[in-house]
Amino acid sequence: MGIYMGVLNKKSNPRREKVRKTKAAERIGVWKQLANTDVIISAMLWLVFVAAATVVLSFDFITGSLYRQMLPVVVLTILISVAAALYVYHYQERILRKHTRAAAIIGLFILLLAITKSGWMLSGQHSWATGTAVTAAIILTIAYDQRFALGMSIFYCLFAILAVNEINNLGLFFTMSAGVIACVFSLREVRTRMKLLEVGALAAIVVFITSLAVEIMANNLPWKDVFRTAGLHSGAALLAGLIIQSLLPLIEKIFHIATSMTLLDYSDANQPLLKRLAMEAPGTYSHSLLVGSISETAAESIGCNGLLCRVGAYYHDIGKINKPGYFAENEMGLDSRHKELSPAMSRLIIVGHVKDGIEIAKEYGLLPVLHQFIETHHGTTLVEYFYNEARKKQDKNHSQPSESEFKYSGPTPKTKESAIVMLADAAESSVRSLTEITPTKVEAVVHNIAMKRLREGQFDRCELTLRELSRIEQSISKSLATHYHGRIAYPKRPDVADMDKSQELKTKLPEQPPTESKKQQVITSENSDK
């Protein structure tokens with residue numbers, strides 16, 4: 001009894017108690033995370049996919065009342081689905097928060113599996129699986145990145161093998177995987193209309209060679225049948241590229257993406273919105289073109305999407321169309337209109353161009369991926385000039401204006417591309433205001449702006465590293481120094497130079513008083529006139 005009481009009265013280690021409390025808090029955090037709405041919706045979508053995939057993959061068993069043979073299909077479907085869900089969680093966690101994207105992937109897989117199943121049941125050909133696997137690889141590469149597309153396409157290949165009831169056919173898996181790998185690694189971006197056809201042709205060649213080798217090794221078939229099988233698989237891969245080429249606008253709309261080809265279309269100066277910007281706010285248009293060029297170079301220096309940066313910069317200031325005369329680049333040498341306004345009213349006009357830009361973008365149907373550049377190119381920064389003017393005009397008897405009243409409403413950049421445009425926009429405006437532009441001054445201005453934005457927390461959500469920020473600074477500084485470089489005077493012809501000198505001397509010499517002889521000439525001429 002005494003020993004038992006001694007154990008109860010034993011003092012606990014404070015460090016151990018702290019560890020216990022920390023672990024308890026972590027367990028509570030895990031349970032809260034599991035109870036999160038996004039997780040619940042994602043789990044429900046996963047269950048829907050498992051149920052739909054099971055029905056599609058075992059459709060022939062259901063129609064034939066072979067329910068006992070359905071059990072292995074159900075087990076394998078669940079296992080592959082769990083592995084695919086873990087892969088999504090590790091490499092594209094944002095899909096768990098964007099349920100429309102998750103639903104799009106589920107719908108894509110179910111549709112392709114249904115096509116594979118029905119095609120195999122009607123024709124008995126395995127080439128349907130190859131064609132749909134290539135289709136899935138191309139679509140996922142366009143919508144996401146190469147690593148994610150490769151992993152998810154391999155999972156689809158496993159489902160497709162179940163769809164054609166060829167679980168022991170390793171050769172079919174090799175054929176599909178060869179087409180998937182060829183598509184993923186040859187399709188980085190879609191800049192031309194021939195790109196998808198080229199990818200489909202390459203996949204067809206790789207699939208043909210792989211299928212030919214597999215058929216020769218696995219079966220003792222006549223050469224005619226071997227080439228026929230390889231040709232069917234190859235033709236299915238080529239057909240997939242042709243179909244996706246025609247369905248590309250629909251794919252972009254479903255996954256809310258914009259391919260490089262679409263972005264190039266929006267960079268055309270004949271786009272209605274860009275034409276309106278050039279006509280109504282020419283200074284802003286010129287500024288946007290320069291920021292686009294600077295941003296593209298900076299983005300490519302850190303491996304980001306330079307084309308997206310350039311096109312986003314073209315449209316980032318479209319909100320200035322509503323009141324172009326209130327912005328310095330459109331004043332054209334005239335007096336500033338803000339002299340007649342109070343700092344608070346000027347702040348409303350300056351800050352309002354962000355909201356106006358979003359409304360104009362929606363009115364013209366601008367790509368959703370470009371909206372971020374309009375919203376975030378100022379983040380939550382301070383309108384310093386009018387804030388300082390407000391402080392100067394404030395009476396001593398009244399309190400000083402709050403900084404929060406003179407800040408942009410945000411949000412801050414969520415992607416590296418939008419952060420680059422923010423930095424390039426501020427740097428170009430600041431460098432343009434310098435009286436004497438030298439490379440050293442440009443570097444100092446760009447570095448100060450970058451550090452200021454970093455301290456203000458403007459880059460907290462975009463995962464921009466300090467090394468990347470340093471490279472961006474160097475690129476922007478070099479681009480601005482190159483654009484605003486000094487120029488030497490062009491040499492003139494000797495006769496033109498002499499004429500300029502004589503004209504300059506005439507303007508500099510003071511007017512000489514008339515001499516006596518000249519006075520006499522004037523008097524004589526006056527008498528003759530009389």
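Definitions and limits used
Residues numbered from 1 in each chain as written. Predicted model: local features only at pLDDT ≥ 70, side-chain atom pairs only at ≥ 80, totals over all residues. Heavy atoms only, no water. Buried < 20%, exposed > 50% of the residue type's maximum accessible area, 1.4 Å probe, protein only. Helix = DSSP H or I, 4+ residues; strand = E, 2+ residues; numbered from the N terminus. Arc of directions from axis to C-beta. Contact = heavy atoms within 4.5 Å. 1 Å grid on protein atoms, 1.4 Å probe; cavity = no way out; pocket = protein on both sides within 12 Å on 5 of 7 lines; lining within 4 Å. Points joined across faces, edges and corners; volume = space filled by probe spheres on them. Nonpolar A, V, L, I, M, F, W, Y, C, P; charged D, E, K, R; others polar. Axes fitted to C-alpha atoms, helices over the stretch in contact; angles between N-to-C directions. Parallel < 35°, antiparallel > 145°, perpendicular 65-115°, else oblique. Left-handed = near helix turned anticlockwise from the far one by under 90°. Patch = residues over 30% accessible without salt bridge, like charges linked within 9 Å, V, L, I, M, F, W, Y side chains within 5 Å. Areas by Shrake-Rupley, 256 points an atom, 1.4 Å probe, with all protein chains shown as cover. Salt bridge = Lys/Arg side-chain N within 4 Å of Asp/Glu carboxyl O. Expected span 1.5 Å × (residues − 1). Core = buried A, V, L, I, M, F, W, Y, C linked by side-chain atoms within 4.5 Å. Polar contact = N/O pair within 3.5 Å; in protein donor to acceptor, adjacent residues only side chain to side chain.

This part covers helix H13 (residues 272-280). Looking at H13, one finds that the buried residues are Leu273, Leu274 and Leu277. Buried positions in H13, seen along its axis, are confined to an arc of 100 degrees and lie on one side of it. Residues Pro272 and Met279 are exposed on H13 and point more than 90 degrees away from its buried face. The inward-facing, buried residues of H13 contact helix H12 (260-266), helix H14 (282-301), helix H15 (306-315) and helix H16 (343-363).

Next up on the list: the layout of surface pockets. The volume enclosed by the largest pocket comes to roughly 2000 Å³. Among the elements of the structure, helix H6 (99-123), helix H7 (127-143), H12, H15, helix H17 (368-376) and helix H19 (416-432) are those that each provide at least two residues to the lining of the largest pocket. The element contributing the most residues to the lining of the largest pocket is H17, with 6 residues. Residues of the lining of the largest pocket, tallied by class, amount to 16 nonpolar, 15 polar and 16 charged. There is about 1100 Å³ of room inside the second largest pocket. Lining the second largest pocket are 35 residues, with Ile350, Val383, Tyr385, Phe386 and Ser429 positioned closest to its centre. Counting residues per element, the ones that place at least two in the lining of the second largest pocket are H16, helix H18 (384-393), H19 and helix H20 (439-455). Taken together, the residues of the lining of the second largest pocket sort by class into 12 nonpolar, 11 polar and 12 charged.

To continue, consider the packing of H6 against H7. Remark: H6 packs on H7, axes separated minimally by 9 Å, with the N-to-C direction vectors making an angle of 165 degrees. If you check the angle between H6 and H7, you find them roughly antiparallel. Helix-helix and strand crossings are classified by hand; for H6 and H7 the assignment is right-handed. For the pair H6 and H7, the contacting residues are Arg101, Leu108, Phe109, Leu112, Ile115, Thr116, Gly119, Trp120 and Ser123 in the first and Trp128, Ala129, Thr132, Thr135, Ala136, Ile139, Leu140 and Ala143 in the second.

On to a nonpolar patch on the surface. A surface patch of nonpolar side chains, amounting to about 600 Å² of accessible area, comprises Leu238, Leu239, Leu242, Ile243, Leu247, Leu250 and Ile254. Relative to the helices and strands, isoleucine 243 is located in helix H11 (residues 223-255).

Before going further, it helps to examine unusual backbone geometry. Trans is the common state for peptide bonds, and a negative phi is the common state for residues other than glycine. Each neighbour pair has its own omega, and for glycine 410 with proline 411 the value is 10 degrees, a cis peptide bond. Checked against the element boundaries, proline 411 lands in the loop between H18 and H19. One non-glycine residue, histidine 256, lies in the positive phi region at around 55 degrees. The residue histidine 256 is located in the loop between H11 and H12 in this model. Residue classification places histidine 256 among the partly exposed residues on the basis of a relative accessible area of 49%.

We now examine H14. Relative to the 28 Å expected for 20 residues at 1.5 Å per residue, H14 spans 29 Å between its end C-alpha atoms, a close match to the ideal helical length. Downstream of H14 by a residue or two, glycine 303 has a phi angle that is positive, lying close to 80 degrees.

In this structure, Phe109, Ile138, Ile142, Met152 and Phe255 are the most contacted members of the largest nonpolar core, which totals 67 residues. With 11 residues, the single largest contributor to this core is helix H8 (residues 146-163). Excluding residues that lie within four positions of it along the chain, methionine 152 makes contacts with Ala84, Tyr87, Val88, Ile105, Phe109 and Leu140. One finds Leu290, Ala298, Tyr314 and Val442 within the second-largest nonpolar core, a separate group that totals 53 residues.

Further remarks concern the side chain of threonine 175. Within the element layout of this structure, threonine 175 appears in helix H9 (residues 170-186). Threonine 175 gets classed as buried once you look at its relative accessible area, which sits at 3%. A distance of 3.0 Å separates the side chain of threonine 175 from the backbone oxygen of glycine 171, its partner in a polar contact. Apart from the residues lying within four places of it in its own chain, the contact partners of threonine 175 are Thr130, Val207, Thr210, Ser211, Val214 and His233.

Moving on to the packing of H19 against helix H21 (residues 466-483). Across the interface, H19 lies against H21 with an axial gap of 11 Å and an inter-helix angle of 40 degrees. The angle between the axes of H19 and H21 places the two elements in the oblique class. Here H19 runs over H21; the crossing is right-handed. Contacts from Lys416, Ile420, Leu423, Ala424, Ala427, Glu428 and Val431 of H19 reach H21 at Glu468, Leu469, Ile472, Ile476 and Leu480. For the contact of H19 with H21, the per-class residue count stands at 9 nonpolar, no polar and 3 charged.

These values are about where atoms sit, not about what they do.
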